[in-house]
Amino acid sequence: MGNLNIVQFVCFETTLASDQFIRRWEEYNRSENSDMDVTLQQCEGEKIYKYLTQHRDTGNELRFFFLKGKNSPRVHREQITTKQAGGYRVLQEERTTETRADESKIFVFLTSPQVDLNTYRQTGVDAQLNIYEAYYENCKYAYIHEFFVKNKYVSALTEQLKQLDSCEIGVYKECALQPA
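Residues numbered from 1 in each chain as written. Predicted model: local features only at pLDDT ≥ 70, side-chain atom pairs only at ≥ 80, totals over all residues. Heavy atoms only, no water.

Trainee: Explanation requested: the nonpolar core in the structure shown.
Mentor: Buried together is how nonpolar side chains tend to be arranged in soluble globular proteins. Counting residues in hydrophobic clusters, the biggest one holds 16 residues, and the most contacted among them are Ile106, Val108, Tyr120, Tyr143, Phe147, Leu157 and Leu161. Among the elements of the structure, β7 (103-110), α2 (117-121), β8 (127-134), β9 (143-150) and α3 (154-162) are those that each provide at least two residues to this core. Ranked by size, the runner-up nonpolar core spans 14 residues in total, among them Cys43, Phe109, Tyr141 and Ile144. (Core = buried A, V, L, I, M, F, W, Y, C linked by side-chain atoms within 4.5 Å. Buried < 20%, exposed > 50% of the residue type's maximum accessible area, 1.4 Å probe, protein only. Helix = DSSP H or I, 4+ residues; strand = E, 2+ residues; numbered from the N terminus.)

If you want it as structure tokens, here you go:
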């Protein structure tokens, strides 16, 4: 079958800002066989932060555990909700590098497999688009779209995407992770 690139998406919700969340992230046993190529992104909300990780591998099943490595009675345990979105194959890849300082990512999560993908490809805003299609039957979404866009165009593209049948839309900034 050759090399099949599967990207596993894991979603987190918490009240922790990025520096606190990354500290907690590094204390936990994250995932077997896929932490070598992980991208962590943060979406700021009013009272809650959303984080999204992308684990890239070549078809191995992701085993993600967010369990505390060391128990300490003094450590305050913040609420971190973890949801696996599932494994997705790359359907379209216009961008393989991370975002630049003047860019953001807009993720669009689509639940309907009957969506017209060309509508998202023809936004009229200068952006690069990666499209991920559900690879496993138990994936939370049918498609995940990842737009790389200059910060000055974020609101225009977000407004345009809201007019489409999108399930969820989020503007994310990448967080710097320490090398393993």
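Trainee: Is there a simple way to explain α3 in this structure?
Mentor: Each turn of an α-helix holds 3.6 residues, which means side chains three or four residues apart point in the same direction. Looking only at α3, the buried set comprises Val154, Leu157, Thr158 and Leu161. Taken end-on, α3 shows its buried residues confined to a sector of 100 degrees, consistent with a single buried face. The inward-facing, buried residues of α3 abut β7, α2, β8, β9 and β10 (168-175). (Arc of directions from axis to C-beta. Contact = heavy atoms within 4.5 Å.)

Trainee: Hey, could you run me through the environment of Ile106 in this one?
Mentor: Within the secondary structure, Ile106 sits in strand β7. Here Ile106 falls in the buried class, since its relative accessible area comes to 0%. In this structure, the C-alpha to C-alpha distance between Ile106 and Cys43, residues 63 residues apart in sequence, is 9.5 Å. Among all residues touching Ile106, those that are not within four sequence positions of it are His145, Glu146, Phe147, Val149, Val154, Leu157, Thr158, Leu161, Ile169, Gly170 and Val171.

Trainee: When you look at the side chain of Thr53 in this model, what are you seeing that I'm missing?
Mentor: Mapped onto the fold, Thr53 is located in strand β4 (residues 49-57). Within the structure, the side chain of Thr53 is placed 3.0 Å from the side chain of His55, a separation counted as a polar contact. For Thr53, the contacting residues outside a window of four places in its chain are Gln8, Phe9, Val10, Phe12, Trp25, Val38, Thr39, Leu40 and Gln41. (Polar contact = N/O pair within 3.5 Å; in protein donor to acceptor, adjacent residues only side chain to side chain.)

Trainee: What is the right way to look at the packing of aromatic side chains in this model?
Mentor: Two aromatic rings are characterised by how far apart their centres lie and by the angle between their planes. For the coordinates displayed, the defined rule picks out ten aromatic pairs. Residues Phe109 and Tyr141 carry aromatic rings whose centres are separated by 4.9 Å and whose planes lie at 40 degrees to one another, so their mutual orientation is tilted. With Phe109 in strand β7 and Tyr141 in the loop between β8 and β9, the pair connects residues that are 32 residues apart, well separated along the chain. An aromatic cluster is defined as three or more aromatic residues linked by ring pairs; in this entry it consists of Phe9, Tyr88, Phe107, Phe109, Tyr132, Tyr141 and Tyr172. (Phe/Tyr/Trp six-rings, centres within 6.5 Å; stacked < 30°, edge-to-face > 60°.)

Trainee: Got a minute to help me understand the side chain of Gln92 in this structure?
Mentor: Relative to the assigned elements, Gln92 resides in strand β6 (residues 80-93). For Gln92, a relative accessible area of 14% puts it in the buried group. Looking at Gln92, its side chain comes within polar contact range of the side chain of Glu94, at 3.1 Å. Within the structure, Gln92 has its side chain in polar contact with the backbone oxygen of Leu129 (distance 3.2 Å). Ignoring sequence-local partners within four residues, the contact set of Gln92 consists of Arg121, Leu129, Asn130 and Ile131.

Just geometry here; none of it tells us what the structure is for.
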